[in-house]
Amino acid sequence: MRLSARVDYALRAAAELAAAGAGPTTVGELAKEQDMPPKYLENILLQMRRAGLVRGQRGPEGGYVLARPAADISLADVIRAVDGPLANVRGERPEHVGYRGPAESLQQVWIALRATERSILEEVTLEQVASGALPERVRQLAADPAAWD
């Protein structure tokens, strides 16, 4: 699985906002905490705002907060907000890609891959990431030494 820098930054910023609780956090604070470029992060947060994941507050006490409880926002929600569908092939959804001959079954592989990604990314919430209390299934998968190769 390949995640773009945009997705990586979005997930890290969202985890910071989840850990911050109800108070607003500025782009500068988020960028400093996670060592990210502030201008790039600002664009990412605007996408997340359009998707209804964060709210911006103006003024001297302004910044960003999560628009919903962290327990109600999955990693998949954040990824879709900034990068579109979870799995695609050449920019297409796997069910819209067709192959012929010996490669025909690749479509089923891509759909199975997307289902596996979804099963993890839709289960894990920002609250779980921020608190370090990941679901048992995720911890078990990550504990397998082969997962790190």
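Let me begin by describing the structure that accompanies this report. Owing to the predicted nature of the structure, the values given are computational and were not obtained by experimental measurement. (Residues numbered from 1 in each chain as written. Predicted model: local features only at pLDDT ≥ 70, side-chain atom pairs only at ≥ 80, totals over all residues. Heavy atoms only, no water.)

1. Considering the nonpolar core
By size, the foremost hydrophobic cluster in this structure holds 33 residues, and its most contacted members are Leu17, Leu41, Leu45, Met48, Leu66, Val78 and Leu126. Put simply, the parts of the chain that give this core at least two residues each are helix 1 (5-20), helix 2 (27-34), helix 3 (38-50), strand 2 (63-66) and helix 4 (75-83). In terms of residues, this core owes the most to one element, helix 1, which gives eight residues. Apart from residues no more than four positions distant in its own chain, Met48 is found in contact with Ala10, Ala14, Leu53, Val54, Val78 and Val82. (Core = buried A, V, L, I, M, F, W, Y, C linked by side-chain atoms within 4.5 Å. Buried < 20%, exposed > 50% of the residue type's maximum accessible area, 1.4 Å probe, protein only. Helix = DSSP H or I, 4+ residues; strand = E, 2+ residues; numbered from the N terminus. Contact = heavy atoms within 4.5 Å.)

2. Here we look at the pairing of strand 1 (residues 54-57)
The pairing of strand 1 with strand 2 spans four bridges and is antiparallel. Counted as the bridge partner of Val54 is Leu66 from strand 2. Counting the residues in the hairpin turn of strand 1 and strand 2 gives five residues, including Gly59, whose phi is positive at 100 degrees. (Pairing = 2+ DSSP bridges.)

3. Structural notes on unusual backbone geometry
The phi dihedral of Asp35 falls on the positive side, at around 50 degrees, and the residue is not glycine. With respect to the helices and strands, the residue Asp35 is situated in the loop between helix 2 and helix 3.

4. A few points about helix 5 (residues 106-121)
The first and last C-alpha atoms of helix 5 sit 22 Å apart over 16 residues, in line with the 22 Å expected at 1.5 Å per residue. Along helix 5, the residues classified as buried are Arg114, Glu117 and Leu121. Buried residues of helix 5 fall within an arc of 65 degrees about the axis and therefore sit on the same side. The secondary structure elements touched by the buried residues of helix 5 are helix 4. (Expected span 1.5 Å × (residues − 1). Arc of directions from axis to C-beta.)

5. Here we look at the pattern of salt bridges
In total, this model carries seven salt bridges according to the counting rule given. For the salt bridge of Glu95 with Arg93, the shortest nitrogen-to-oxygen distance reads 2.7 Å. Taking the relative accessible area as the measure of exposure, Arg93 reaches 33% and is therefore partly exposed. In this structure, the salt-bridge partner of Arg137 is Glu123, at a minimum N-O distance of 3.1 Å. Of the two residues, Arg137 is situated in helix 7 (residues 136-143) and Glu123 in the loop between helix 5 and helix 6 (126-131); the sequence distance between them amounts to 14 residues. You can call Arg137 partly exposed: its relative accessible area is 36%. Taking relative accessible area as the criterion, Glu123 reaches 32% and is therefore assigned partly exposed. In the salt-bridge network here, residues are joined through shared partners; they are Arg93, Glu95 and Arg114. (Salt bridge = Lys/Arg side-chain N within 4 Å of Asp/Glu carboxyl O.)

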